[in-house]
Protein chains: 2
Amino acid sequence: MPEFMDVHHGMVGITADALKAAHDADLAIQGEEEVTFKTAWADPETGVVFCLSEAPSKEAVMRIHERTGHPADEVHEVPLVV
Amino acid sequence: MPEFMDVHHGMVGITADALKAAHDADLAIQGEEEVTFKTAWADPETGVVFCLSEAPSKEAVMRIHERTGHPADEVHEVPLVV
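Here is a short report on the structure shown in this document. (Residues numbered from 1 in each chain as written. Chains lettered and ligands numbered in written order. Predicted model: local features only at pLDDT ≥ 70, side-chain atom pairs only at ≥ 80, totals over all residues. Heavy atoms only, no water.)

### Digging into the relation of the copies chain B and chain A
Stage number 1. It takes a turn of 180 degrees to lay chain B on chain A, together with a shift of 0.0 Å along the axis; the resulting RMSD is 0.0 Å. These values place the two chain copies in the arrangement generated by a two-fold rotation axis. The C-alpha atom lying nearest the rotation axis in chain B is that of F50 of chain B; the distance is 4.8 Å.
Stage number 2. The residues that chain B uses at the interface reappear at the interface of chain A in 100% of cases, marking a shared surface. (Least-squares fit on C-alpha atoms with pLDDT ≥ 70 in both. Contact = heavy atoms within 4.5 Å.)

### Observations concerning the packing of aromatic side chains
Stage number 1. According to the stated counting rule, one finds two aromatic pairs over all chains in the structure shown.
Stage number 2. Relative to F50 of chain B, the ring of F50 of chain A lies with its centre 5.9 Å away and its plane at 80 degrees, an arrangement referred to as edge-to-face. Remark: F50 of chain B occurs in strand β3 (residues 48-54) and F50 of chain A occurs in strand β3 (residues 48-54); the pair is interchain, linking two chains. (Phe/Tyr/Trp six-rings, centres within 6.5 Å; stacked < 30°, edge-to-face > 60°. Helix = DSSP H or I, 4+ residues; strand = E, 2+ residues; numbered from the N terminus.)

### Considering the sheet that holds strand β1 (residues 3-8) of chain A
Stage number 1. Taken in spatial order, the five strands of this open sheet run β4(A)-β1(A)-β3(A)-β2(A)-β5(B), and their pairing is antiparallel. Across the chains shown, the open sheet's two edge strands, defined by having one partner strand only, are β4 (74-77) of chain A together with β5 (80-81) of chain B.
Stage number 2. One ladder, built from six bridges, connects β1 of chain A with β3 of chain A; its direction is antiparallel. Bridged to M5 of chain A within β3 of chain A is L52 of chain A.
Stage number 3. On top of the sheet, helix α1 (residues 16-29) of chain A reaches β2 (36-43) and β3 of chain A together with β5 of chain B; it is set at about 160 degrees to β2 of chain A, its chief contact.
Stage number 4. Across the sheet, helix α2 (residues 58-67) of chain A lies against β1, β2, β3 and β4 of chain A, angled at about 40 degrees from β1 of chain A, the strand it touches most. (Pairing = 2+ DSSP bridges. Axes fitted to C-alpha atoms, helices over the stretch in contact; angles between N-to-C directions.)

### Side note on the state of the cysteines
Simply put, the disulfide is a covalent bond whose two ends are the sulfur atoms of two cysteines.
Stage number 1. Within this structure, the stated rule accounts for zero disulfides over all chains.
Stage number 2. No disulfide involves C51 of chain A; its sulfur sits 18 Å from that of C51 of chain B, the nearest cysteine.
Stage number 3. Among the residues examined, C51 of chain A registers a relative accessible area of 7% and is labelled buried. (Disulfide = S-S within 2.5 Å. Buried < 20%, exposed > 50% of the residue type's maximum accessible area, 1.4 Å probe, protein only.)

### Describing the interface of chain B and chain A
Stage number 1. If you look at the interface, chain B gives 27 residues, while chain A gives 27 residues.
Stage number 2. For the pair chain B and chain A, the summed buried area comes to about 2,100 Å², and 75% of that belongs to carbon and sulfur atoms.
Stage number 3. A per-residue breakdown of the area chain B buries against chain A is headed by W41, L80 and V82 of chain B, which together make up 35% of the total.
Stage number 4. Where chain B touches chain A, the interface holds zero salt bridges.
Stage number 5. Here chain B is connected to chain A by eight residue pairs in polar contact (both at pLDDT 80 or more).
Stage number 6. Of all elements in the fold, only β1 (3-8), α1 (16-29), β2 (36-43), β3, β4 (74-77) and β5 of chain B reach the threshold of two or more residues within the side of chain B that touches chain A.
Stage number 7. Here the side of chain B that touches chain A takes six residues from β2 of chain B, the largest share from any one element.
Stage number 8. Looking at the side of chain B that touches chain A, its residues break down into 17 nonpolar, five polar and five charged.
Stage number 9. Sheet analysis places strand β5 (residues 80-81) of chain A next to β2 of chain B, joined by two bridges and oriented antiparallel. (Buried area = accessible area lost by both parts, 1.4 Å probe. Salt bridge = Lys/Arg side-chain N within 4 Å of Asp/Glu carboxyl O. Polar contact = N/O pair within 3.5 Å; in protein donor to acceptor, adjacent residues only side chain to side chain. Nonpolar A, V, L, I, M, F, W, Y, C, P; charged D, E, K, R; others polar.)

Okay, here's the thing in structure tokens:
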């Protein structure tokens, strides 16, 4: 399954609880698109959040994030990992 | 040790070998700044590379990447992980 890194901007001040709530909302419906969200990292100072996932397509990742109310600003397929 | 995600742009067409060579160059000198690069992900189509590391500071991450010839465009401390 391809791997993706998506990026959210504008999340300045995000808390650990808010990150967990957003991630849990994704996990709750990810199976409907065969997406598996693996890890999310947040920088509360600059408001950037990175999410690593496995998914059948970029669009599948986008749809899950849109349905849970936090659309990604960028979704990158990352076939190269080291 | 704080965790960081840095981002490089403009790497369109990057190959697996080039990513490994860049990563290995970082690993070879990271100890001089107490940085530990963990994983790097690349999207050859959009030319974006993400690097996850542990380091004493953002500046330490930047110095290693600068010395190995691929300065990061962004370095985000990511204290929140889920």
